[in-house]
Amino acid sequence: MLRFIDARCMLGERCIIREGDPNTKEAILELMDRCHIEKAIVYHAMARESELPAGNMALIGETAGDDRFIRQWCALPSYFGEYMSAEDFFDAMKQHHVTSMRLLPKTCGYSLRPHSIGKLMDLAAQCHMPVFIDLGTELTTDESYDLCKMYPEVDLVFGNSGYRENRRLGPILEQCPNFYLGTGNYVAHCGIKLFCEYYGAERLIFDTGLPTGSATAAVSLIGYAEISDEEKALIAHGNIERLLGEVRL
Amino acid sequence: MDFRELVYGQKPFEGVFVFDVHGHIGFEQGSQLGPNDGESMVHTMDRMGVDGICVSFSPGIRGAWKRGNDQTKDTCKRLPGRVFGYAVPNPFHAECDLTPYFEEDLGFRGVKIHGNIQGETPENDPRYAHAFELANRLKLPVLFHAWMPYEVDRAADVASRYPDLNVIIGHGGLTFARDRAVAACKRYDNVFCDTAISSAPDGSIEWLVDKVGVEKVLYGSDMSFFDCIHTLGKLALAKLSDTDKEKILGLNAKKIFDL
């Protein structure tokens, strides 16, 4: 039985909810059970949508005592004393067992260039911490190339790729070994098979995008992909376990 | 048939009739997608246990309508009983007549309307009338690309004016327009929704079935844009009875596609 670790999941109360969607932590856990998802990397909806500092702290409370959730904090470069310094942010992550961070440049209105997030990214590189960011909502695929080139020592996991991105992704995959792609919304016909054939299963990271993505579809895409069992295991859990296993806080 | 066990074991959907009402073949100009010829799609269908698919030729929607429909015809001929066709009208070419594609059994089973990439033509535009009259006369399904609320409303308008054709609201049941699609399904007996969308959260198909009844929901994948595995898995693992899943996967389509 293929086991999965979800690399992109959001917990907590959202502004916009729709009837029928998995809107609670319990609903997400039920879906994880149904889809044989063992663990999920989670960040907090409040950190993304409305109040990053409070959201990061809320995550600690909501995941306390539950070893199925792997904590992720959303990063905010702090100037004018708005938030913790980069050093304090990493100290706090260590204290709260947070093992990855997520960038929200569009949502929070900051630059991805070194003059802005350089300290955060230097510390991520020192700790071998993977950094997550969503395509489309937070940066364009072209901008993901710039990010990979500006921070070659950081493993960058890009989620939310659509099924129409291959012409843009190809050159980045060829030139940026630190580029990893989340599979949740990468749903083109035979997309997983083609990706493995050209760029290797080592660059794909299973994710769902819960609660707005579909875990049932995401596990099926990997389970039924026309690739080897070894490749499926890498995508489903092996690659993200390796990345998180290298983190030294 | 325990659909969940199929997915857990990565087994094909054998022993159940599976028909995909929403397929595309042909080169996609705007982006590189997966393999998009009929043979590649049938290869995936064989792996998954999908019996048949109804497709339109994508470049023919944006460009040469006759070449597009002829490409669909050729694909149906090469893959009889597996690939069926939607004939696609072009509102800017007055000479466009779809009748020849239905005069003998060439594999065509319906009409596809995709107004937003045909110069933002409204889905109920009079220039599509000949296609609607043909579909109404032959009692064919008409698949609408219906992403936005106004597109769903226009498709519903066609259903009201042509009661003998069956409207399929492609994508619409599960996107920004799901409330409109539900209203249309409830109001008109000849309106159905398909499941072809990548970004619908878990629970959305269950929600739709609850609102409109299982008989109104049809399995559609959007292959070769999306992989058909995507929606098959979502359906198989949904919180629905296996009887309901069988209806959505193919039994409902059997009734309206004359299969």
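Keep in mind the model is a prediction, meaning the values are calculated, not measured. (Residues numbered from 1 in each chain as written. Chains lettered and ligands numbered in written order. Predicted model: local features only at pLDDT ≥ 70, side-chain atom pairs only at ≥ 80, totals over all residues. Heavy atoms only, no water.)

Looking only at helices and strands, one finds eleven helices and eight strands in chain A. The C-alpha radius of gyration computed for chain A amounts to 17 Å, which stays within 12% of the reference 18 Å derived for 249 residues, consistent with globular compactness. Principal-axis analysis of the C-alpha atoms gives chain A an extent of 50 × 40 × 30 Å. Counting the 249 residues in chain A, one finds 60% classified as buried. Contacts in chain A between residues at least 24 apart in sequence constitute 72% of all its contacts with a sequence separation of at least 6. Put simply, chain A shows about 9900 Å² of open surface, and 51% of that area lies on carbon and sulfur atoms. (Helix = DSSP H or I, 4+ residues; strand = E, 2+ residues; numbered from the N terminus. Rg over C-alpha atoms; globule rule 2.2 N^0.38 Å. Buried < 20%, exposed > 50% of the residue type's maximum accessible area, 1.4 Å probe, protein only. Contact = heavy atoms within 4.5 Å. Areas by Shrake-Rupley, 256 points an atom, 1.4 Å probe, with all protein chains shown as cover.)

Below, the discussion takes up the overall build of chain B. When helices and strands are counted, chain B shows ten helices and eight strands. Compactness check: chain B gives a C-alpha radius of gyration of 17 Å against a globular reference of 18 Å for 259 residues, within 12% of the reference. Overall size of chain B, expressed as C-alpha extent along the three principal axes, is 50 × 40 × 35 Å. Across the 259 residues that make up chain B, the buried fraction comes to 63%. If you take every contact in chain B between residues at least 6 apart in sequence, the share linking residues at least 24 apart comes to 74%.

Bringing helix α8 (residues 204–212) of chain B into the picture now. Note: α-helices contain 3.6 residues per turn, so residues at a spacing of three or four share the same orientation. Along α8(B), seven of the nine residues are buried, which leaves the element largely enclosed by surrounding structure. Buried within α8(B) are the following residues: Ser204(B), Ile205(B), Glu206(B), Trp207(B), Leu208(B), Val209(B) and Val212(B). Of the surrounding elements, those touching the buried residues of α8(B) are α1 (25–34) of chain A together with α7 (178–187), β7 (191–194), β8 (217–218), α9 (228–236) and α10 (242–256) of chain B. In the segment just after α8(B), Gly213(B) is the residue with positive phi, at about 90°.

Residues and elements named next belong to chain B. Put simply, the second largest pocket is a space of about 250 Å³. As for the second largest pocket, its lining consists of 16 residues, of which Phe 108, Arg 109, Leu 138, Leu 140 and Asp 258 are closest to the centre. Among the elements of the structure, β4 (108–113) and α10 are those that each provide at least two residues to the lining of the second largest pocket. Of the residues belonging to the lining of the second largest pocket, the class tally is nine nonpolar, one polar and six charged. (1 Å grid on protein atoms, 1.4 Å probe; cavity = no way out; pocket = protein on both sides within 12 Å on 5 of 7 lines; lining within 4 Å. Points joined across faces, edges and corners; volume = space filled by probe spheres on them. Nonpolar A, V, L, I, M, F, W, Y, C, P; charged D, E, K, R; others polar.)

All names here are of chain B. Ordered in space as β1-β2-β3-β4-β5-β6-β7-β8, the eight strands form an open sheet in which the pairing is parallel. Strand pairing shows two members of the sheet lacking a second neighbour, β1 (19–25) and β8, which therefore form its edges. Of the strand pairs in this sheet, β1 and strand β2 (residues 52–57) are connected by five bridges, and their pairing is parallel. Across the sheet, residue Ile 25 finds its bridge partner in β2, namely Phe 57. This element, helix α2 (residues 38–48), spans β1, β2 and β3 (83–87) of the sheet and lies at about 155° to β2. (Pairing = 2+ DSSP bridges. Axes fitted to C-alpha atoms, helices over the stretch in contact; angles between N-to-C directions.)

This brings us to the state of the cysteines. Simply put, the disulfide is a covalent bond whose two ends are the sulfur atoms of two cysteines. As enumerated under the stated definition, the model contains zero disulfides over all chains in all. Cys15(A) carries a free sulfur, and the closest cysteine sulfur to it, the one in Cys108(A), is 15 Å from it. (Disulfide = S-S within 2.5 Å.)

Another aspect to go through is the packing of aromatic side chains. In the structure shown here, the tally under the stated rule is 21 aromatic pairs over all chains. Ring geometry for Phe89(A) against Phe90(A): centres 6.1 Å apart, planes inclined by 75°, an arrangement best described as edge-to-face. Put simply, the rings of Phe17(B), Phe19(B), Phe84(B), Tyr86(B) and Phe257(B) pair up and form one aromatic cluster. The lysine or arginine in question, Arg164(A), covers the ring of Phe225(B), its NZ or CZ lying 5.1 Å from the ring centre. A cation sits over an aromatic face here: Lys216(B) above Phe192(B), 5.2 Å from the ring centre. (Phe/Tyr/Trp six-rings, centres within 6.5 Å; stacked < 30°, edge-to-face > 60°. Lys NZ or Arg CZ within 6 Å of the ring centre and 35° of its normal.)

Here the focus is the sheet that holds strand β3 (residues 69–75) of chain A. Residues and elements named next belong to chain A. Taken together, eight strands build an open sheet; the order of strands is β1-β2-β3-β4-β5-β6-β7-β8 and the sheet is parallel. What marks the edges here is a single partner per strand, and that holds for β1 (4–11) and β8 (204–205). In this sheet, strand β2 (residues 37–44) lies alongside β1 in parallel orientation, the contact comprising six bridges. The residue bridging Met 10 from the neighbouring strand is Tyr 43, located in β2. Together, β1, β2 and β3 form the strand contacts of helix α3 (residues 52–63), whose direction differs from that of β3 by roughly 170°.

This next bit is on the interface of chain B and chain A. With 48 residues of chain B in contact, the opposing surface of chain A contributes 38 residues. Buried area between chain B and chain A, summed over both chains or domains, comes out near 3500 Å², and the portion from carbon and sulfur atoms is 51%. Across the pair Lys239(B) and Glu30(A) runs a salt bridge whose closest N-O atoms are separated by 3.9 Å. Counting across the chain B and chain A interface gives 22 residue pairs in polar contact (both at pLDDT 80 or more). With six residues, the top contributor of residues to the side of chain B that touches chain A is α2(B). (Buried area = accessible area lost by both parts, 1.4 Å probe. Salt bridge = Lys/Arg side-chain N within 4 Å of Asp/Glu carboxyl O. Polar contact = N/O pair within 3.5 Å; in protein donor to acceptor, adjacent residues only side chain to side chain.)

Counting residues in hydrophobic clusters, the biggest one holds 160 residues, and the most contacted among them are Phe90(A), Met101(A), Leu103(A) and Phe13(B). Looking at which element gives the most residues to this core, the answer is helix α6 (residues 114–127) of chain A, with seven residues. (Core = buried A, V, L, I, M, F, W, Y, C linked by side-chain atoms within 4.5 Å.)

All names here are of chain A. Residues of strand β5 (residues 131–134) alternate between two faces, with Val 131 and Ile 133 on one and Phe 132 and Asp 134 on the opposite face, all of them buried. For β5 and strand β6 (residues 156–159), the ladder comprises four bridges, and the chain directions are parallel. The partner of Ile 133 across the bridge, within β6, is Phe 158. Taken together, β5, helix α7 (residues 141–150) and β6 constitute a β-α-β crossover, and its handedness is right-handed. (Right-handed = clockwise from strand over helix to strand, strands pointing away.)

The values are spatial; any link to function lies outside them.
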